[in-house]
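Structural description and commentary
Read off the chains here:
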2 protein chains.
Amino acid sequence: MLNIQNSVDRIRELVAENNIESLKTELNGYHSADLADIFPDLGTSERIECFNLIDEDKSVELLEYLPPQLQVEILGDIDAVKASELISKLPHDDAADVLGELEDDESAEYLEKLPQKFSSEVRELLKYDESTAGGIMTPLVLTVNADMDVEGVLSTIRIKAEKENMDLYYVYVVDSQNHLVGVLSLRNLLTSPIHKNIKDIMQKDIVKLHIDDYQDYIADVFMKYQFNALPVVDMYNHLKGIVTWDDAQDIVEEETTDEIYTSSGIIVDLAGDDEDILSGNIFNSIKARTPWLFITLVGEFIAVTVANHFTATVDALPIIAVFMPLLAGLGGNIGTQSITLMVRGLSTGQITLRSQFKQIARESAVGLLIGVFFGFIVAVVTMGWQHNIAFGIIVGVAMALNMMIAAIIGAMTPFILKRLKIDPAVASGPVIATSIDVIGLFVYFSLVTFYLIKIMAS
Amino acid sequence: MLNIQNSVDRIRELVAENNIESLKTELNGYHSADLADIFPDLGTSERIECFNLIDEDKSVELLEYLPPQLQVEILGDIDAVKASELISKLPHDDAADVLGELEDDESAEYLEKLPQKFSSEVRELLKYDESTAGGIMTPLVLTVNADMDVEGVLSTIRIKAEKENMDLYYVYVVDSQNHLVGVLSLRNLLTSPIHKNIKDIMQKDIVKLHIDDYQDYIADVFMKYQFNALPVVDMYNHLKGIVTWDDAQDIVEEETTDEIYTSSGIIVDLAGDDEDILSGNIFNSIKARTPWLFITLVGEFIAVTVANHFTATVDALPIIAVFMPLLAGLGGNIGTQSITLMVRGLSTGQITLRSQFKQIARESAVGLLIGVFFGFIVAVVTMGWQHNIAFGIIVGVAMALNMMIAAIIGAMTPFILKRLKIDPAVASGPVIATSIDVIGLFVYFSLVTFYLIKIMAS
């Protein structure tokens, strides 16, 4: 792939030199997906100047690849007539997304300038929630009749697909009331005898989406069945549109981002979407991040209360307190590993609820083995450093117990959440760190108080 | 989608009742992707019994959807002749994957039983590293000549695609030495006039993969350009095969899993692959998890050394030590949020190196605002609890500083790693937790020692 930085530098130089002809050649030489990587790195005025030099077909493609904020920025800055022309050339779903990003009055203005048919089709899409199949689909579908033959379908494609700029993955078969009755892959069509009847070659078992299906479900269906496109129907099985795999890929990426953010205690929904956490109003970002920090605060106050019960011990031997970060740090670390493995495994399907005991047992064994290993190192180092054999042994034993307990908690938590029908990813990071602080410190201080102090007293 | 648990229960019941006819009907009623979700939850003998009842076409599809261990298990348990027959019906890339999972002598045995042509094509694939384009591609590509017309290509498709069971997304145009010279989408083909020459309608700017390209690069190319399939060429531009989007989807999922594991300090490569961490030899899992735990150990010993410098302070006022988990916990938590946002943003392209200062400034502001808010709460609670105003203020100030520093370190680390050409995800969890323990405790103890002890002395 391209070295973006070099291209950006070259383009900015040409802009600075005002070398329009070379700039135009340079820009139109890139694939539109490359331009979409370059554009965010240009300044606002450079961006508009460059955009105006790109051929129309390529600039439509470029718009499709750009993130929503840049789409809106560019369309707002270029000539209004050109902007509506470009919008009208976007696929319906992308046009609806762009218009959805605008303020209501701006979007109404554009909708009026757009061709009648396109405008009403896009208006239809804007009615649906943008995270449902209705909001994601494109309404342009090539439909045929079950009584047609292969030759008839091929000539329908030739006429319709060309004119309407349709995506073409499957041909959908509908009855006279637009009920979805069958599906036909292009492969199927191209390899069947020319006079064969469609109803004899079409697939009647159809994997389909409902217009209200949410995007996490849609992502799951695409990941599972691996279709190029899926038809979308309403409650009466009327065909309303298709969702294509490139939209699904974007959804899968967004869902994965949500899963990762959720794991670290960021509640994406409170900010709007994941873009809003990285840019825009800073208070949206704070809103999304505070709740789990607050729960951590409560949890850590519990840890402090636990430690507070042992002030007499700390008083007797201050070095004991000094070792707390070591125990909490390593416990938190191995616990995070365990919970990360379980959460991701459940999400990809590599782990199922059925295998929970096997997985928990495995993590316990891993925790025990690693714990004993690290406990041994810590014991030896501590003995050498503090010249105190008993203390070394107790820190080592506490470390081993702590790491094993952390691995077990890390392995169990996602399964428990899943059984309670809570997303296993929820705040897995903060939860594990806090519970290890509470439990790990309790184990450590108990050991110290009941054994070490006794040994020292005797 | 399906409720897997219900289906599994029903199927196990039919197996137990030995109700072969109903079982057969039940099984063949599912989509093969559904069967692939059901099969892992059956017992080994149930699995074989069920597999043998599934129609041949569906059982080939089912094999394609199943994870490697189950493919190998099933093929080993069913009749050997049937097994080689099924393998020979798999797409080449899947067949190569299955054979790659077997022991060398077993795989050689199967290869001998397979049809000559298929066997030599699969042998060819087995030569490539399985994480490169050569190992992932399927060698079956529909190629045509630039001098043919649309009609000629359509009849070539009719003959070849049917016979060879090819995936059909694009038609590739090659010269007489099999050099890739153009590409043609089916859509293009179906909407062009029937006597048009291929060289006039083919796309000559071709996005392609090199046979040695690694899967992380392949995933990036697919995510960026969103093609259905990409051609694979060798160093002389000879067309060797295609990688299809469903393979790419699997790679993207695997790469994301790697990114998530890497963030929590698990080095996937040391175990083999991500499957090996969840199952198989437990020592592979331990190998992958230990190195970063060890680095954490070293880091936490540094934190302990820092705290150890302040034993006199702890001695004077043991409650100071008791509050350490609170500071480390919340600092670690907000730092993890920041680093998670940056790492994921860099990975999806929502953040670029160019925007680093903006992002770091934003995270600093978030850290400061959240820090002040939590510092205030902590100060008030601590004052009320410990009846010590000065101590409350110092804990509160330390908390605010600590959270802001944590957010800044979390935001900066990924950019620094990226500049050093190190994967920003590397151990982001352990790194942030450990550095907060070291720096946060130093800030806290310094504040306490220089102000609190002085106040108390005065």
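Since we're looking at a predicted model, the values are computed, not measured.

Here is what the cut-offs are and how they apply
Residues numbered from 1 in each chain as written. Chains lettered and ligands numbered in written order. Predicted model: local features only at pLDDT ≥ 70, side-chain atom pairs only at ≥ 80, totals over all residues. Helix = DSSP H or I, 4+ residues; strand = E, 2+ residues; numbered from the N terminus. Rg over C-alpha atoms; globule rule 2.2 N^0.38 Å. Buried ≥ 20, exposed ≤ 12 C-beta atoms within 10 Å, placed from the backbone. Contact = placed C-beta atoms within 7 Å. Pairing = 2+ DSSP bridges. Axes fitted to C-alpha atoms, helices over the stretch in contact; angles between N-to-C directions. pLDDT = per-residue confidence, 0-100. Nonpolar A, V, L, I, M, F, W, Y, C, P; charged D, E, K, R; others polar. Least-squares fit on C-alpha atoms with pLDDT ≥ 70 in both. Domains from an automatic or database assignment. Core = buried A, V, L, I, M, F, W, Y, C linked by C-beta atoms within 7 Å. Parallel < 35°, antiparallel > 145°, perpendicular 65-115°, else oblique. Left-handed = near helix turned anticlockwise from the far one by under 90°.

A separate point is the overall build of chain A. Assigned secondary structure in chain A consists of 25 helices and six strands. Here chain A has a C-alpha radius of gyration of 30 Å; the compact-globule value for 458 residues is 23 Å, and the former is much larger. The principal-axis extents of the C-alpha atoms in chain A amount to approximately 95 × 65 × 40 Å. Out of the 458 residues in chain A, the part that is buried amounts to 43%. Of the contacts formed within chain A by residues at least 6 apart in sequence, a portion of 68% connects residues at least 24 apart.

This next bit is on the sheet that holds strand E6 (residues 239–244) of chain A. Residue and element names in this part refer to chain A. What the three strands build is an open sheet, ordered E4-E5-E6; its pairing is mixed. For this open sheet the edge positions go to strand E4 (209–210) and E6, each flanked by a neighbour on one side alone. Pairing of strand E5 (residues 229–233) with E6 involves five bridges; the strand directions are antiparallel. Opposite Ala229, over in E6, you have Thr244 as the bridge partner. Of the strands in this sheet, E5 and E6 are in contact with helix H16 (residues 245–263), which crosses E6 at around 65 degrees.

All right, on to the confidence of the model for chain A then. Here chain A averages 88 in pLDDT, and 98% of its residues register 70 or above. Interface scoring of the predicted complex returns ipTM 0.84; its pTM is 0.84.

A separate point is the interface of chain A and chain B. Taken residue by residue, the interface counts 92 residues in chain A and 92 residues in chain B. The greatest single-element share of the side of chain A that touches chain B, amounting to 16 residues, is contributed by helix H22 (residues 324–348) of chain A. Tallied by class, the residues present in the side of chain A that touches chain B amount to 50 nonpolar, 26 polar and 16 charged.

Superposition record for chain A on chain B: RMSD 0.1 Å, screw rotation 180 degrees, translation along axis 0.0 Å. Taken together, the turn and the small shift mark the pair as related by a two-fold rotation axis. A share of 100% of the interface residues of chain A reappears at the interface of chain B, consistent with the copies meeting face to face through the same patch.

All right, on to the sheet that holds strand E2 (residues 170–174) of chain A then. Paired through their backbone hydrogen bonds, the strands of a sheet run either parallel or antiparallel. All names here are of chain A. The strand order across the open sheet built from three strands is E1-E2-E3, with neighbouring strands paired in mixed fashion. Of all strands in the sheet, those with a lone pairing partner are strand E1 (143–145) and strand E3 (180–185), marking the two edges. Strand-to-strand twist across the sheet, computed as the mean angle between neighbouring axes with direction ignored, equals 35 degrees. The sheet contact formed by E2 and E3 spans five bridges and is antiparallel. If you follow Val173 over to E3, its bridge partner there is Gly182.

On to the domain arrangement of chain A. For chain A, the assigned domains read domain 1 (4–131), domain 2 (143–244) and domain 3 (276–457). A separation of 53 Å is found between the C-alpha centroids of domain 2 of chain A and domain 3 of chain A.

Moving on to the nonpolar core. Met403(A) and Met403(B) are the most contacted members of the largest nonpolar core, which totals 128 residues. Core analysis: the second largest hydrophobic core is formed by 75 residues, Ile242(A), Trp245(A), Tyr170(B) and Leu239(B) among them.

At Asn18(A), a residue that is not glycine, the phi angle is positive and equals roughly 60 degrees. In this fold, Asn18(A) is placed in the loop between helix H1 (4–17) and helix H2 (20–28). One non-glycine residue with positive phi stands out, namely Gln226(B), at about 55 degrees. Note on placement: Gln226(B) falls in the loop between helix H15 (215–225) and strand E5 (229–233). The class for Gln226(B) is partly exposed, based on 18 C-beta atoms found within 10 Å.

What follows deals with the packing of helix H19 (residues 282–308) of chain A against helix H23 (residues 356–386) of chain B. Interhelical geometry of H19(A) versus H23(B) gives an angle of 40 degrees and a closest axis separation of 10 Å. When the axis of H19(A) is compared with that of H23(B), the two are oblique. Crossing of H19(A) over H23(B) shows right-handed handedness. For the pair H19(A) and H23(B), the contacting residues are Ile282(A), Ser285(A), Ile286(A), Arg289(A), Thr290(A), Leu293(A) and Leu297(A) in the first and Arg362(B), Ala365(B), Val366(B), Leu369(B), Ile370(B), Phe374(B) and Ile377(B) in the second. Tallied by class, residues from the contact of H19(A) with H23(B) come to 10 nonpolar, two polar and two charged.

Further remarks concern the environment of Val395(B). Residues and elements named next belong to chain B. Considering the arrangement of structural elements, one finds Val395 in helix H24 (residues 389–419). Here Val395 falls in the buried class, since 28 other C-beta atoms lie within 10 Å of it. C-alpha separation for the pair Val395 and Tyr170, spaced 225 residues apart in sequence, amounts to 65 Å. Val395 has contacts with Phe323, Val378, Ala379 and Thr382, leaving out every residue within four places of it along the chain.

Moving on, we get to the environment of Asp423(B). Position of Asp423(B) among the secondary structure elements: in the loop between H24 and helix H25 (428–457). In this structure the C-alpha to C-alpha distance between Asp423(B) and Glu259(B), which are 164 residues apart in sequence, comes to 9.0 Å.

Residues and elements named next belong to chain B. The buried fraction of E5 is high, at four of five residues. Of the strand pairs in this sheet, strand E4 (residues 209–210) and E5 are connected by two bridges, and their pairing is parallel. Of the residues in E5, the one forming a bridge with His210 is Val233. What sits between the antiparallel neighbours E5 and strand E6 (residues 239–244) is a turn of five residues, in which Asn237 has the positive phi angle 70 degrees.

Bringing the environment of Ile339(B) into the picture now. Residues and elements named next belong to chain B. Within the secondary structure layout, Ile339 lies in helix H22 (residues 324–348). According to the C-beta neighbour criterion, Ile339 is buried, with 28 such atoms within 10 Å. Other than its neighbours up to four places away in sequence, Ile339 contacts Gly410, Thr413, Pro414, Ser428 and Ile432.

Where H19(A) meets H22(B), the closest approach of the two axes is 8 Å, and the angle between their N-to-C directions is 160 degrees. Taken together, H19(A) and H22(B) sit at an angle that is classed as roughly antiparallel. For H19(A) against H22(B), the interelement crossing comes out right-handed. Residues Arg289(A), Leu293(A), Thr296(A), Leu297(A), Glu300(A), Phe301(A), Ala303(A), Val304(A) and Ala307(A) of H19(A) touch H22(B), and the partners they reach there are Pro325(B), Leu326(B), Gly329(B), Leu330(B), Asn333(B), Ile334(B) and Gln337(B). Tallied by class, residues from the contact of H19(A) with H22(B) come to 10 nonpolar, four polar and two charged.

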